[in-house]
Amino acid sequence: MDVERVGPYVPRMIVRLYFAGDRLLRAFTYRFQMVHIGIWLGLLTRGQLYAVGKQHYSFDRMYWTDEYNKQGLWDWERNVVTRDFAGCKRILLAAAGGGREVIALRQRGIEVEAFESDPGLVRFANDLLGREEMVPDIRSAPWDGCPEFDRECDGIIVGWGAYPHIRGRAKRISFLQDLRRKVIKESPILLSFCLRVESSNYFGGIARTGNVLTWMLRREPIEVGDSLVPNYVHFFTMAEVESEMQEAGFELVSFDKIQGPHAVGRAI
């Protein structure tokens, strides 16, 4: 066999076969994941999704450490608070987690009314606040609800990543409306979320797959943007964020899809 003639041809063929196999594998994985998530979103009830989220955060020990919760605001959060919350004296903080934002805001001299849905994190956060010589008053609340507070606030921060965990546009708007009733007009609100590209077929495929089951089981339909990562998360477009804020009584002030991503609104 003439190695000079055959040698160059064989590697090119192998490389082409490799890339062809790689493309097939990626296409299969993409579609399998889409179908897998769609099926489970169709099968899991709202309560079961909450249980999945609770289990997920119990495994992620980062939120349960003093080191994480005493690190202060992240750079983009600090910039937003300095720019948009400069005149705020009392902030309503939803989804307080292990207390990171509460500690950072109180160190700035801002009063904070806070609540959290995970009972374990409520206990951890209040214990940490006590050790930091702060009032341990983070309250428990439903996953997508807000407890009653005696005093009005002049700013709202929804803790990092919490808003996308609320399933259903109507539920999210109801949650924001509940927050709106607890603040004065012109109060700023900070929402962080997961971003999706408008033209993505992936989330449409998840919704189409899962809604076969929701129709059969007579369940709440899956929205384009719903996913499991592995807990429930809704991925937003800018138009969705603005629309939900407007329906809840806020106007969009700024939108940043690089740092966060996050949006700032104002109560109207």
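Summary of the structure given here. (Residues numbered from 1 in each chain as written. Predicted model: local features only at pLDDT ≥ 70, side-chain atom pairs only at ≥ 80, totals over all residues. Heavy atoms only, no water.)

## Examining the overall build of the protein
Item 1. When helices and strands are counted, the protein shows 10 helices and 10 strands.
Item 2. Dimensions of the protein along its principal axes, counting C-alpha atoms only, are 85 × 45 × 35 Å.
Item 3. Split into buried and exposed, the 268 residues of the protein put 49% on the buried side.
Item 4. Just so you have it, the protein exposes about 14200 Å², and 57% of that area is on carbon and sulfur atoms.
Item 5. For the protein, the centre of its 35 positive side-chain charges and the centre of its 35 negative side-chain charges are spaced 5 Å apart. (Helix = DSSP H or I, 4+ residues; strand = E, 2+ residues; numbered from the N terminus. Buried < 20%, exposed > 50% of the residue type's maximum accessible area, 1.4 Å probe, protein only. Areas by Shrake-Rupley, 256 points an atom, 1.4 Å probe, with all protein chains shown as cover. Lys, Arg positive; Asp, Glu negative; His and termini not counted. Charge placed at Lys NZ, Arg CZ, Asp CG, Glu CD.)

## Considering the pairing of strand β9 (residues 250-256)
Item 1. Across 6 bridges, the pairing between β9 and strand β10 (residues 262-267) is antiparallel. From the neighbouring strand, E251 faces β10, where its bridge partner is R266.
Item 2. Between the end of β9 and the start of β10, which pair antiparallel, lie 5 residues, with G260 showing a positive phi angle near 125°. (Pairing = 2+ DSSP bridges.)

## A closer look at the state of the cysteines
Item 1. A complete count under the given rule lists 0 disulfides for this structure.
Item 2. Cysteine C88 remains unbridged, with the sulfur of C153 as its closest cysteine sulfur at 9.4 Å.
Item 3. As a non-bridged cysteine, C153 has C146 as the owner of its nearest cysteine sulfur, 9.0 Å distant. (Disulfide = S-S within 2.5 Å.)

## Description of helix α10 (residues 238-248)
Item 1. Taken together, the buried positions of α10 are E240, V241, E244, M245 and A248. Considered in projection along α10, the buried side chains sweep an arc of 125° and stay on one side of the axis.
Item 2. In the segment just after α10, G249 is the residue with positive phi, at about 100°. (Arc of directions from axis to C-beta.)

## Here we look at the environment of G109
Item 1. Mapping G109 onto the fold places it in the loop between α6 (100-107) and β2 (111-116).
Item 2. The class of G109 is exposed, set by a relative accessible area of 64%.
Item 3. Sequence separation between G109 and R90 is 19 residues; the distance between their C-alpha atoms is 9.4 Å.

## Structural notes on the packing of helix α8 (residues 169-180) against α10
Item 1. Axis separation between α8 and α10 bottoms out at 8 Å; the angle between their running directions is 50°. As the angle between them shows, α8 and α10 are arranged oblique. In the packing of α8 onto α10, the handedness of the crossing is right-handed. Facing R169, R172, I173, L176, Q177 and R180 of α8, the residues of α10 in contact are E240, S243, E244, M245, E247 and A248.
Item 2. Across the contact of α8 with α10, the residue classes break down as 4 nonpolar, 2 polar and 6 charged. (Axes fitted to C-alpha atoms, helices over the stretch in contact; angles between N-to-C directions. Parallel < 35°, antiparallel > 145°, perpendicular 65-115°, else oblique. Left-handed = near helix turned anticlockwise from the far one by under 90°. Contact = heavy atoms within 4.5 Å. Nonpolar A, V, L, I, M, F, W, Y, C, P; charged D, E, K, R; others polar.)

## Description of the sheet that holds strand β6 (residues 194-195)
Item 1. If you walk across this open sheet you meet the 3 strands as β6-β8-β7, and the pairing is mixed. Pairing within the sheet leaves two strands with one partner each, and these edge strands are β6 and β7 (226-228).
Item 2. As paired strands, β6 and strand β8 (residues 232-236) are joined by 2 bridges and run parallel to one another. Following the sheet pairing, C194 is matched in β8 by F235.

## Thoughts on the packing of aromatic side chains
Item 1. Within this structure, the stated rule accounts for 15 aromatic pairs.
Item 2. Ring geometry for F28 versus F32: centroids 5.9 Å apart, planes at 20°, classification stacked. Of this pair, F28 and F32 are both found in helix α2 (residues 9-43), 4 residues apart, which corresponds to roughly one turn of the helix. Across the pair, exposure class does not vary: F28 and F32 are exposed alike.
Item 3. Ring centres of F115 and F149 lie 6.3 Å apart, and the angle between their planes is 40°; this geometry places the pair in the tilted category. Of this pair, F115 sits in strand β2 while F149 is found in the loop between β3 (139-140) and β4 (156-158), placing the two residues 34 residues apart along the sequence.
Item 4. In this structure F149 comes out as buried when scored by relative accessible area, which is 12%.
Item 5. Taken together, Y30, Y202, F203 and F235 form an aromatic cluster joined through their ring pairs. (Phe/Tyr/Trp six-rings, centres within 6.5 Å; stacked < 30°, edge-to-face > 60°.)

By themselves, these are just geometric observations and shouldn't be taken as functional.
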